[in-house]
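Architecture at a glance
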Amino acid sequence: MTGWDRVNFALGLIAAVLLLLLVWPTGAPEQPRLTALETQRVASIRIERSDRLVISLQRSDAGWQITYPEPAAAEQRRVEQLLAVARAPVQQQFSKAGKLADYGLDQPAAVLHLDGTRLAFGDRDPIQRSRYVLVDEQILVIDDVYFNLLTLPVRHFTAD
């Protein structure tokens with residue numbers, strides 16, 4: 001093999017490696033999220049359980065404030081945890097197609113309102129640690145830990 005043959009072989013090998021790096025998958029695709037909301041822009045949060053308002057929060061220049069049941073300053077870190085529900089990774093999704101009662105979504109256990117977006121939480125999946133959520137016309141399945149945030153007492157969100 002001559003010197004030029006070695007150079008051509010090396011260049012061909014480098015080109016093959018670069019091509020392989022270009023087309024090689026870079027990782028798993030990003031998992032879909034419960035909503036596309038930009039949580040830093042959400043100005044109003046309400047939680048309802050059994051068709052009754054439990055807590056209402058409003059963003060102001062001074063930060064988050066509880067407006068119901070009694071006005072109080074809210075703990076910002078805890079409100080951010082609540083906002084994280086909007087970005088929960090979706091494990092599974094399907095069309096509602098009249099099956100709401102099958103998933104406990106005809107009478108949701110809790111409803112989270114983030115501005116104009118309504119998230120209705122139904123039954124817990126009996127096999128997995130997940131929860132059915134109705135968003136628009138889709139039934140989505142997320143980790144049950146997000147639902148637990150909606151069951152916390154109001155005092156959990158008050159600033160100490």
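In what follows, the structure referred to is the one given above.
This section reports on the structure supplied with the text. Predicted model, so just to flag it, every value in this text is computed and none were measured.

1. Side note on a nonpolar patch on the surface
- A contiguous nonpolar surface patch, about 560 Å² in accessible area, is contributed by Trp4, Val7, Leu11, Ile14 and Leu18.
- With respect to the helices, strands and loops of the structure, Trp4 is situated in helix H1 (residues 3–23).

2. Quick look at the sheet that holds strand S6 (residues 110–114)
- If you walk across this open sheet you meet the 9 strands as S4-S3-S2-S1-S6-S7-S8-S9-S5, and the pairing is antiparallel. Only two strands of the sheet have a single neighbouring strand rather than two, namely strand S4 (72–73) and strand S5 (92–95).
- In this structure, strand S8 (residues 130–135) lies alongside strand S9 (residues 138–143), joined through 6 bridges in antiparallel fashion. Looking at S9, one finds that Arg131 is bridged to Ile142.
- The strands touched by helix H2 (residues 76–83) are strand S1 (44–49), strand S2 (52–60), strand S3 (63–68) and S6; relative to S3, the strand with the most contacts, the crossing angle is about 80 degrees.

3. Details of the environment of Ala43
- Tracing the backbone shows Ala43 in the loop between H1 and S1.
- Exposure remark for Ala43: the relative accessible area of 27% places this residue in the partly exposed category.
- Residues Ala43 and Leu114 lie 71 residues apart in sequence; the distance between their C-alpha atoms is 7.7 Å.
- Setting aside residues up to four positions removed in sequence, Ala43 forms contacts with Leu57, Gln58, Arg59, Trp64 and Asp115.

Reading the values: rules and limits
- Residues numbered from 1 in each chain as written.
- Predicted model: local features only at pLDDT ≥ 70, side-chain atom pairs only at ≥ 80, totals over all residues.
- Heavy atoms only, no water.
- Patch = residues over 30% accessible without salt bridge, like charges linked within 9 Å, V, L, I, M, F, W, Y side chains within 5 Å.
- Areas by Shrake-Rupley, 256 points an atom, 1.4 Å probe, with all protein chains shown as cover.
- Salt bridge = Lys/Arg side-chain N within 4 Å of Asp/Glu carboxyl O.
- Helix = DSSP H or I, 4+ residues; strand = E, 2+ residues; numbered from the N terminus.
- Pairing = 2+ DSSP bridges.
- Contact = heavy atoms within 4.5 Å.
- Axes fitted to C-alpha atoms, helices over the stretch in contact; angles between N-to-C directions.
- Buried < 20%, exposed > 50% of the residue type's maximum accessible area, 1.4 Å probe, protein only.

Geometry only, nothing functional implied.
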